[in-house]
Amino acid sequence: MKRFFRRWYGAWQRTRLGTRITLGLGALALVVFAAVGVTMVGIMHGYLDRRLDEQLSKSQNTQLPQLRETHGSPQSVYSWYSALYKVRDGVATPQPGGQLPGDAKQLAKIAADAAGGDVTRNIYLHDDGPYRVRACPVDNGSVLLSAAPQKDLDGTVRQLIWVEVGAFTFALAVLVVVGRLVLRRGLRPLADMAGTAHDIASHDLTANADLPVRAAGTGGGAEVEELRTAFNVMLAHIDTSLAAKTEANERLRRFVADASHELRTPLTSIRGYADLFRYAAANEPAEREAHLAKIRSETTRMSVLVDDLLLLARLDARAAETPLRPERVDLAELAGDAADAFTAGRPDHPLTTALSPAFVSADPLRLRQVLDNLLANAAVHTPPGTAVHVSVAVADSFAVVEVGDAGPGIAVADQERIFDRFFRVDDSRTRGNGGTGLGLSVVQSLVTAHGGTVGVASEPGRTTFTVRLPLAR
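Keep in mind the model is a prediction, meaning the values are calculated, not measured.

When you look at the UniProt feature "transmembrane region" (unreviewed entry) in the protein chain in this model, what are you seeing that I'm missing?
The positions that UniProt labels "transmembrane region" (unreviewed entry) are, in the present scheme, residues 21-48 and 160-183. Taken end to end, residues 21-48 is 100% helix and 0% strand, and its first and last C-alpha atoms sit 40 Å apart.

Before we go on, may I ask you to explain the pairing of strand β5 (residues 142-149) in this structure?
Moving residue by residue along a regular strand, the side chains alternate between the two faces of the sheet. The buried fraction of β5 is high, at seven of eight residues. For strand β1 (residues 81-88) and β5, the ladder comprises six bridges, and the chain directions are antiparallel. Within the sheet, the bridge partner assigned to L84 lies in β5 and is L144. Judged from the eight bridges that link them, strand β4 (residues 129-139) and β5 form a sheet pairing that is antiparallel.

Whenever I open this one, the environment of V370 confuses me. Can you help?
Looking at the secondary structure, you find V370 in helix α9 (residues 364-380). For the pair V370 and V447, spaced 77 residues apart in sequence, the C-alpha separation works out to 7.8 Å. Not counting residues within four places of it along the chain, the set of residues in contact with V370 comprises V443, L446 and V447.

Can you help me understand unusual backbone geometry in this one?
The phi dihedral of D396 falls on the positive side, at around 55 degrees, and the residue is not glycine. Mapped onto the elements of the fold, D396 is located in the loop between β9 (388-395) and β10 (398-405). Using a relative accessible area of 67% as the deciding quantity, one classes D396 as exposed. Although it is not a glycine, S397 adopts a positive phi angle of roughly 65 degrees.

Explain the packing of α9 against helix α11 (residues 439-449) here, please?
Working note: a packed helix pair is described by the angle between its axes plus the distance between those axes. Where α9 contacts α11, the two axes come as close as 9 Å, and the packing angle between them is 145 degrees. The handedness of the crossing between α9 and α11 comes out as left-handed. Contact with α9, carried on its side by R366, Q369, V370, N373, L374 and N377, involves G439, L440, V442, V443, L446 and V447 of α11 and no other residues of that element. When grouped by side-chain class, the residues that make up the contact of α9 with α11 number seven nonpolar, four polar and one charged.

Teacher, can you tell me more about the sheet that holds strand β12 (residues 462-470) here?
Strands in a sheet are paired, the pairing made by backbone hydrogen bonds, and the direction either parallel or antiparallel. Spatially, the five strands line up as an open sheet ordered β7-β9-β10-β12-β11, and their pairing is mixed. Two strands bound the open sheet, and with one partner strand each, they are β7 (351-355) and β11 (453-459). Direction aside, the axes of adjacent strands within the sheet are offset by 15 degrees on average. Pairing analysis gives seven bridges linking β11 to β12, with the strands arranged antiparallel. From the neighbouring strand, T453 faces β12, where its bridge partner is R468. Running over the sheet, helix α8 (residues 331-345) touches β7, β9, β10 and β12 and is turned about 170 degrees from β7.

In this structure, what is going on with the sheet that holds strand β2 (residues 91-94)? I would like to understand it.
Taken together, five strands build an open sheet; the order of strands is β2-β1-β5-β4-β3 and the sheet is antiparallel. Single-partner strands in this sheet number two, and they are β2 and β3 (119-125). Across the sheet, the mean angle separating the axes of adjacent strands is 35 degrees when strand polarity is ignored. By the bridge criterion, seven bridges tie β3 to β4 in an arrangement that is antiparallel. Opposite I123, over in β4, you have Y131 as the bridge partner. Along the sheet, helix α3 (residues 105-113) makes contact with β1, β2, β3, β4 and β5, crossing β3 at roughly 170 degrees.

I keep staring at the packing of aromatic side chains and nothing clicks. Help me out?
What the rule picks out here adds up to three aromatic pairs. Judged by centre distance (4.9 Å) and plane angle (15 degrees), the rings of F33 and F168 are stacked. Taken together, the positions of F33 in helix α2 (residues 17-70) and F168 in helix α4 (residues 151-186) put the pair 135 residues apart, joining distant regions of the chain. The interplanar angle of 85 degrees and the centroid separation of 6.2 Å between the aromatic rings of F419 and F465 together place this pair among those described as edge-to-face. Pair noted here: F419 is in the loop between α10 (412-415) and α11 and F465 is in strand β12, with a separation of 46 residues, a long-range link. The lysine or arginine in question, R468, covers the ring of F398, its NZ or CZ lying 4.9 Å from the ring centre.

Conventions we followed
- Residues numbered from 1 in each chain as written.
- Predicted model: local features only at pLDDT ≥ 70, side-chain atom pairs only at ≥ 80, totals over all residues.
- Heavy atoms only, no water.
- UniProt positions renumbered as here; feature names shortened; annotations may be inferred.
- Helix = DSSP H or I, 4+ residues; strand = E, 2+ residues; numbered from the N terminus.
- Buried < 20%, exposed > 50% of the residue type's maximum accessible area, 1.4 Å probe, protein only.
- Pairing = 2+ DSSP bridges.
- Contact = heavy atoms within 4.5 Å.
- Axes fitted to C-alpha atoms, helices over the stretch in contact; angles between N-to-C directions.
- Left-handed = near helix turned anticlockwise from the far one by under 90°.
- Nonpolar A, V, L, I, M, F, W, Y, C, P; charged D, E, K, R; others polar.
- Phe/Tyr/Trp six-rings, centres within 6.5 Å; stacked < 30°, edge-to-face > 60°.
- Lys NZ or Arg CZ within 6 Å of the ring centre and 35° of its normal.

Take a look at the structure:
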């Protein structure tokens, strides 16, 4: 039995929602109809019983005065049984002139009980069926008994029951059919959303992450409209997430390819100079020293590249391990030191400064690296003699550092990618115009790690990189 109910419940759970709701409404309507029908039948049966009792009482009350005077025979009303009984010592004896059934023992007992007052009872006569019996005393020792058949009353009640069964069955059928149609129409938006989900499932997200499918249509009520809106918001979020993931994968692919290329170039040079050094081992010391110097130079450049890559990786994973050691520092002092180093190392680029004290909570070594990278970028991408300017000021609770130059400027299309890793304005693989292509990426990552922002504004004759860092509290 338990397995049967479990199987039945599983089949019910697998049934469509519209069918389950329709069956549930049908069951609820059936219960309501049954309750209404039973109530109506009970009320009707009670009403007919009261009417029959009133008729019995009215008929007997009409006969009582005459029977008290004449002690004659009672009148026969309709198809009723009627008789006058003499009651002595608890035994009721029918008087001549009455109309009684063949088996009148039950009637005699009721007449005997009525010697002390009115009695009304239901009995069943074997040959005649149910009867309603009323007995009332006429005078001392006499009792008038009347018995009315209940066949007509029960027939009326049975007819009412059949009418109710037919009417309620028809109403239930109409309710189920119409309810199913209404539910199907009301649940159509849900079916449309299910179709949208199937379209998405059949969409090849590996080839194209774009999700052009959305749940369309109107109607269904406020709840369905809310579900449709939430469904479309979810699809938009998935679409954005997939696009971001695709873009991240593409950036990772480019990053790996560029990093491989950048590392392969110095490694190839080192291997070539090592071969030359081996062949030139027997030559003059000056030639060997030249080859060693080239090897050291390429090794240094490769070390810088690897250090930048490691720094970027640590900044990307700073939730696990932060590479910053913040302390209270004066940004103007750091900018002054960076300017002095730039003037000594790049004498062909005149440098001017405008430094105001601005204290920030930051890692001084990393901020110095930001300033050095910005100054080096200005020197590398401008011709000799180009003026460079560094300023530090305070504005709106932020320390603002500006590094500008009077060079040829940066194209608008290149400004959007200027902070991408391994991006070069000239898009070349030569080393004549720049370094590894990671300098500005390191600048952006370090500034972001300090809670600041960095931007660029450029036009022919003027390029300015602006760094904004929150002031120390």
